[in-house]
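Spelled out from the first residue to the last, the chains are:
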Amino acid sequence: MQSALESALLQLESAVSVLGLDEGLHQLLATPRRSLEVAVPLRRDDGTLEVLQGYRVQHNLSRGPAKGGIRFHPRTDLDEVRALAMWMTWKCALIGIPYGGAKGGVAVDPRRLSRNELERVTRRYASEIMPIIGPEKDIPAPDVGTDEQTMAWIMDTYSIHSGYTVTGVVTGKPVSLGGSQGRAGATSRGVMYAAFSALREAGVDHRRVRVAVQGFGKVGGLAAQYLHDAGCCVVAVSDVGGGIYNPRGLDPAALLKHLRSGAETVVGYPGTDTVTNSELLELDVDVLVPAALEGVLHEGNAAAVRARFVVEGANGPTTPDADKILEDRGVVVVPDILANSGGVAVSYFEWVQDLQAYFWSEDEVNDRLKALMESSYAEVSQLAADKGLSLRTAAQVIGVGRVADAHRTRGLYP
Ligand code: NAD
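Residues numbered from 1 in each chain as written. Predicted model: local features only at pLDDT ≥ 70, side-chain atom pairs only at ≥ 80, totals over all residues. Heavy atoms only, no water.

S.K.: Quick rundown of unusual backbone geometry? Include the residues and the values.
M.R.: The amide bond that connects Tyr413 to the next residue, Pro414, takes the cis arrangement and shows omega of 0°. Topologically, Pro414 is positioned in the segment after α14 (391–410). Even without being glycine, Ala357 reaches a positive phi, approximately 50°. Looking at the element boundaries, Ala357 is found in the loop between α12 (342–356) and α13 (362–387). (Helix = DSSP H or I, 4+ residues; strand = E, 2+ residues; numbered from the N terminus.)

S.K.: Talk me through the nonpolar core; I want residue IDs and the actual numbers.
M.R.: Within soluble globular proteins, side chains that are nonpolar generally end up buried alongside one another. Membership of the largest hydrophobic core comes to 81 residues, with the highest contact counts inside it found for Leu29, Trp90, Val211, Val237, Val289, Val311 and Val334. When residues are assigned to domains, this core turns out to be shared by domain 1 (32–167) and domain 2 (186–339), each giving three or more. (Core = buried A, V, L, I, M, F, W, Y, C linked by side-chain atoms within 4.5 Å. Buried < 20%, exposed > 50% of the residue type's maximum accessible area, 1.4 Å probe, protein only. Domains from an automatic or database assignment.)

S.K.: So what about the packing of aromatic side chains? Which residues, and what values?
M.R.: All told, the structure shown has five aromatic pairs when counted by the stated rule. For the ring pair Phe349 and Trp360, a centre distance of 5.3 Å and an interplane angle of 40° mean the geometry is tilted. Remark: Trp360 occurs in the loop between α12 and α13 and Phe349 occurs in helix α12; sequence separation between them is eleven residues. Here the aromatic cluster, defined as three or more aromatic residues joined through ring pairs, consists of Tyr99, Tyr348, Phe349, Trp351 and Trp360. Positioned above the aromatic ring of Tyr226, the side-chain terminus of Arg189 is 4.5 Å from the ring centre. When the ring centre of Trp360 is taken as reference, the NZ or CZ atom of Arg368 above it lies at 4.4 Å. (Phe/Tyr/Trp six-rings, centres within 6.5 Å; stacked < 30°, edge-to-face > 60°. Lys NZ or Arg CZ within 6 Å of the ring centre and 35° of its normal.)

S.K.: Let's hear about the sheet that holds strand β3 (residues 66–72): which residues, and what values?
M.R.: Pairing between the strands of a sheet comes from backbone hydrogen bonds, and it takes one of two forms, parallel or antiparallel. One open sheet accounts for five strands, arranged β1-β2-β4-β3-β5; its pairing is mixed. What marks the edges here is a single partner per strand, and that holds for β1 (34–43) and β5 (138–142). On average, adjacent strands in this sheet sit at an angle of 20° to one another, irrespective of strand direction. Where β1 meets strand β2 (residues 49–60), ten bridges bridge the pair, whose relative direction is antiparallel. Bridging from a neighbouring strand, Pro41 pairs with Val51 of β2. (Pairing = 2+ DSSP bridges. Axes fitted to C-alpha atoms, helices over the stretch in contact; angles between N-to-C directions.)

S.K.: Let's hear about the side chain of Asp239: which residues, and what values?
M.R.: Along the chain, Asp239 falls in strand β7 (residues 233–239). The buried charged residue Asp239 lacks any salt bridge, with Arg111 as its nearest oppositely charged partner at 7.3 Å. Of the polar contacts made by the side chain of Asp239, one reaches the backbone nitrogen of Gly241; its length is 2.9 Å. The contact partners of Asp239, leaving out residues within four places of it in the chain, are Phe216, Glu264, Thr265, Val266 and Asn277. (Lys, Arg positive; Asp, Glu negative; His and termini not counted. Salt bridge = Lys/Arg side-chain N within 4 Å of Asp/Glu carboxyl O. Polar contact = N/O pair within 3.5 Å; in protein donor to acceptor, adjacent residues only side chain to side chain. Contact = heavy atoms within 4.5 Å.)

S.K.: Break down the domain arrangement of the chain for me, with residues and values.
M.R.: In terms of domain boundaries, the chain breaks down into domain 1 (32–167) and domain 2 (186–339). Placing the centre of domain 1 and that of domain 2 at their C-alpha centroids yields a distance of 27 Å. For the pair domain 1 and domain 2, the two sides together bury roughly 1000 Å², of which 60% comes from carbon and sulfur. On the domain 1 side of the contact with domain 2, Trp87, Lys91 and Leu94 bury the most area, a combined 42% of that side's loss. If you look at where domain 1 meets domain 2, you find one salt bridge. (Buried area = accessible area lost by both parts, 1.4 Å probe.)

S.K.: Explain the pattern of salt bridges to me, and be specific about the residues and the numbers.
M.R.: One pass over the full model with this rule turns up 24 salt bridges. The residue Asp323 makes a salt bridge to Arg392 at a minimum N-O spacing of 2.6 Å. In this pair, Asp323 sits in helix α10 (residues 320–328) while Arg392 sits in helix α14, placing the two residues 69 residues apart along the sequence. Arg392 matches Asp323 in its accessibility class, with the two residues each being buried.

S.K.: Describe in detail the site of the ligand, supporting the description with residues and values.
M.R.: By nearness alone, 22 residues border the ligand, and Asp143, Thr187, Lys218, Val219 and Asn315 come closest of all. Lys218 places a main-chain nitrogen or oxygen 2.8 Å from an oxygen atom of the ligand. Look at the ligand: alone it shows 820 Å² of surface, and the protein chains cover 86% of it. For the shell around the ligand, the class distribution of residues is nine nonpolar, eight polar and five charged. (Near = heavy atom within 4 Å. Areas by Shrake-Rupley, 256 points an atom, 1.4 Å probe, with all protein chains shown as cover. Nonpolar A, V, L, I, M, F, W, Y, C, P; charged D, E, K, R; others polar.)

S.K.: Quick one: what's the story with the packing of helix α6 (residues 186–201) against α12, residue by residue and with numbers?
M.R.: Two elements in contact, α6 and α12, have axes whose closest approach is 7 Å; the angle formed by their N-to-C orientations is 130°. In terms of their interaxial angle, α6 and α12 are classed as oblique. For the element pair α6 and α12, the recorded crossing hand is right-handed. Two secondary-structure elements touch here, α6 through Ala186, Thr187 and Gly190 and α12 through Gly342, Gly343 and Val346. A breakdown of the residues in the contact of α6 with α12 according to their chemical character gives two nonpolar, four polar and no charged. (Parallel < 35°, antiparallel > 145°, perpendicular 65-115°, else oblique. Left-handed = near helix turned anticlockwise from the far one by under 90°.)

S.K.: Account for the packing of helix α2 (residues 23–30) against α14, naming residues and giving values.
M.R.: Between two packed helices, the angle of one axis relative to the other and the distance separating the axes together describe the packing. Packing of α2 against α14 leaves a shortest axis separation of 11 Å and a crossing angle of 110°. Comparing their axes, α14 and α2 come out roughly perpendicular. Residues Leu25, Leu28 and Leu29 of α2 touch α14, and the partners they reach there are Val400, Val403, Ala404, His407 and Arg408. Along the lines of polarity and charge, the residues of the contact of α2 with α14 split into six nonpolar, one polar and one charged.

Here is the structure:
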């Protein structure tokens, strides 16, 4: 199976070939600007010492400060972080916000740490990457396994070392600490707008579609809820523990409440059948939203996908091999850098609000998000139609093209 980094590099190659960029510029765009690897020593609650591995990669800074999430996951490694950072570069350029791309991570399973241990890991990791982050340098945000509490600890650690409060160093913070209204649901809301744009274009009424969502986390949980509230029938969802299915539909809000009250997984929720994560991808639905990890749709299962629309809530869920199979079968894939860009869009709004110390209403945030998602979708779809490209290649061509332009215009130092 193609790794995340192999996928990202192959996708870049396709965009480079459509754009006709020379090999030197191709190499520049394929190479991360900075990769920082740090040791994160953790004193466990029982007094023992463990050393974790942490990363922060700034893929590209040509259009502005770097931007991208921080992931706490046991399988995170430098290559995965490099791929995720590259996708952030194209995503920010595609939706026209003035950032480069970055990503960070710690190879740890947050579920096996106590809250105090998590706080110590976060603060130590934040102080190790502090030389390269900052509101004008690189602005982290939540990703898999991290949340607004993680961001509050990073903001506090950075501020204590700086000697004053620096809210703009991270986004996805609690609203009480300079976070933005609407940020918590922004990625999911964006996924919904992307899905609706694709359905509308194909002449499909969204109130008649059945949806399966893989990964009932921050992105997938609220995406399922928003899609349900808008009239779609969400028939299956999953998390790391497995999936649940009810052909008559699930109630995502009730399921989220069930998890908030202490359930560890969606599996076993009353009135549902259990399915595996792989079975969920092959269910008879109209829209599939992969919203967990990379590489879940690959050469081995793409032919079995029955959905007509794949809307990528996750980053990199479809490998290039799977992309080819899905495209040949006429499945519309709304690519990650477009479909899940609502998160970084509202992170940008949060950063702007922090820098101005002037905050917007939730309606204003949501209206601007909707407008940005719809115009970005329209731009990608137009280019795809004009040049006979898939939505993925069209989105990459726009994103990569803007970054290539920035490099050409700035010139090479020295
Ligand atoms: P999260 O940690 O809140 O949720 C991840 C979900 O995936 C959880 O339900 C978890 O149980 C499930 N999961 C983990 N491993 C799994 C596995 N092996 N099989 C099936 N399910 C598994 O993370 P999130 O922030 O919702 O991120 C999900 C995806 O969306 C990632 O690809 C992330 O990069 C991407 N993304 C997140 C944001 C954001 O704002 N949080 C923005 C853009 C893209």
